[in-house]
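Single-letter residue listing:
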Amino acid sequence: MPAKTECVVALVLPLHLTLLAWYFLTASESPSYFKLWCFYFVLDATYGHLFHTIFLVPARWIARRLPGAVVPSADEDNKLVQQEESSNDISLDWPSAGAIAKLPSDWLVSTRCSVEDRNISCDGNEGSEVPKKASGKKKKTKSKNNKSNSSPKCKNNTQSDQKSTDATKTNSGYQPYYLNHARGSTRIRQASQRIGAAMGSLLASYMICYLSASFTLEDVGLTLPVLRDLAWGFLIGLFIVTIMFIMEIWLGWIAVVGFFQTVVPNESFTINFLWDVLFHVGVSINEEVMLRGWMFTLGCRGILSMASDWFETSSTAASFSIIASIVLQSSLFSFLHLHSPGSTYVSLINLFLGGVAASINVMVAGGSLWLGIGWHFGWNIFMGHVLGRSTSGIPMSCACMEAIPRPNLPNKHGGTFGPEQGVLAPLAYIVGILLVICVFGFEEMKVWKDGLVSSCTV
């Protein structure tokens, strides 16, 4: 259970900030957009922490009772937090020996040198492998200097020894096959954090709109009905991810080696998959409401209110505010993934493009967030837990298809970060936007832009 001090802070801080928001937002009939934006982000963070603190207690209780659970005791708080925040459990053996046996022979990682030697030669780069030429030089040097001390492990080049060493490589943290994994008992606790963040985003949105007479939930994109937009977004998201997956197989970048697998053999696939679904429901709602709802939609209105005097027509000013808001929102979306496992400048560029696509989703759907939420969830759940590919380096506990990326091609398939860092991601975003336009057209976008122009009174 979280410490008493943490529980008190989690409860008292949101209460005080809510009273502060009530005082400032009700004091003015039309509070500035910047003030609304600031209060939303403060409340979103504190409400999310409150819900996470509440949900974490039952999540830990359930986690200890799951099949194959490995959860530190309640007295080991540091170990608990470390396990819950870990992006990869190095105690897990992945891929299994059976999965490695199904790989092409040229995919097998060299075991001519020890795991420690491979880590040194890789310069600490996660998921990388020494080029064959460099590996050969290392072998010759080693044979000259250590003829009498060479171990049988370094001398044995048989395929069976390659497989056995690969089966234990994850225990050192070395990831030549890139993907991050976690136990189901860890994933439920990570899911509780994400669901808490989503609940915080929704409650913060409601409170700001309730306290402000000039702004409603519809203005932020939380409109009704939701089913059509949500369903189309989900279908488009899973479709473009599936197309990427098929192309990766065709190009020889990944190999499917199993179906309906859990990383820990005695865990339940159904239960683990449930935690992953809850995790990505939370991610989709939290990020779309925060970034596309408040950062983009509110940003459009705020920038328009400032820029209306800079242009001859209100339509031109509205176009400027839309472009500026897209850039700001997409930049923040990319920046939030800066420290994700395996992230490089390529993933940040691709996610910026993803942020642009998500902003277009909002406009094409007439300001509704549900199309983007459906796309986001369909993209994440299919990429990570149906097709077995990494989603922004997020750890997996199970997948409907067990896919292994080919070593030495992280610049193609995205490595540890996954397809969002691969070369196919920009094309996927373009295809997705074209599909959205084919389904929704431009009519709702025109209505949304007209509403944006009319919302600014000069």
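In what follows, the structure referred to is the one given above.
Just so we're clear, the structure is a prediction, and the values are computed from it rather than from any experiment.

Trainee: Before we move on, can you summarise the packing of aromatic side chains with the specific residues and values?
Mentor: Scanning all chains against the criterion turns up 18 aromatic pairs. Both rings, one in Phe234 and one in Phe377, keep their centres 5.9 Å apart while their planes meet at 25 degrees; by these two values the pair is stacked. Of this pair, Phe234 sits in helix α10 (residues 227-250) while Phe377 sits in helix α14 (residues 370-386), and the two are 143 residues apart along the sequence. The exposure class of Phe377 is buried, given its relative accessible area of 18%. Taken together, a centroid distance of 5.3 Å and an interplanar angle of 40 degrees make the contact between Phe311 and Phe320 tilted. Its relative accessible area of 27% is what places Phe311 among the partly exposed residues. Taken together, the ring pairs in this structure connect Tyr33, Phe34, Trp37, Tyr40, Phe41, Phe215 and Trp294 into an aromatic cluster.

Trainee: Describe the packing of helix α9 (residues 184-211) against helix α11 (residues 269-307), with residues and values.
Mentor: Two elements in contact, α9 and α11, have axes separated by 8 Å at closest approach and are oriented at 30 degrees. If you check the angle between α9 and α11, you find them roughly parallel. The two elements α9 and α11 meet at a crossing, and its hand is left-handed. A per-class count over the contact of α9 with α11 returns 16 nonpolar, eight polar and four charged.

Trainee: Describe helix α12 (residues 314-335), naming the residues involved and giving the relevant values.
Mentor: End to end, α12 covers 31 Å across 22 residues, agreeing with the expected 32 Å (1.5 Å per residue, within 8%). Along α12, the positions that sit buried rather than exposed are Ala317, Ala318, Ser321, Ile322, Ala324, Ser325, Ile326, Gln329, Ser330, Phe333 and Ser334. Against the buried residues of α12 lie α11, α13 (345-364) and α17 (443-455).

Trainee: Can you explain unusual backbone geometry? Please cite residues and give values.
Mentor: In this structure, the amide linkage connecting Trp94 to the following residue, Pro95, adopts the cis form with an omega of -5 degrees. If you trace the backbone, Pro95 turns up in the loop between α3 (77-85) and α4 (97-101). Residue Leu224 is joined to Pro225 through a cis peptide bond whose omega torsion reads -5 degrees. Position of Pro225 relative to the elements: it lies in the loop between α9 and α10. Even without being a glycine, Tyr178 presents a positive backbone phi close to 75 degrees. Position of Tyr178 among the secondary structure elements: in the loop between α8 (159-168) and α9. Overall, the relative accessible area of 1% leaves Tyr178 in the buried class.

Trainee: Describe in detail the environment of Leu238, supporting the description with residues and values.
Mentor: In this fold, Leu238 is placed in helix α10. Expressed as a C-alpha distance, the spacing of Leu238 and His376, which sit 138 residues apart in the sequence, is 9.1 Å. Not counting the four nearest positions on each side in its chain, Leu238 is found in contact with Gly378, Trp379 and Phe382.

Calculation notes
Residues numbered from 1 in each chain as written. Predicted model: local features only at pLDDT ≥ 70, side-chain atom pairs only at ≥ 80, totals over all residues. Heavy atoms only, no water. Phe/Tyr/Trp six-rings, centres within 6.5 Å; stacked < 30°, edge-to-face > 60°. Helix = DSSP H or I, 4+ residues; strand = E, 2+ residues; numbered from the N terminus. Buried < 20%, exposed > 50% of the residue type's maximum accessible area, 1.4 Å probe, protein only. Axes fitted to C-alpha atoms, helices over the stretch in contact; angles between N-to-C directions. Parallel < 35°, antiparallel > 145°, perpendicular 65-115°, else oblique. Left-handed = near helix turned anticlockwise from the far one by under 90°. Nonpolar A, V, L, I, M, F, W, Y, C, P; charged D, E, K, R; others polar. Expected span 1.5 Å × (residues − 1). Contact = heavy atoms within 4.5 Å.

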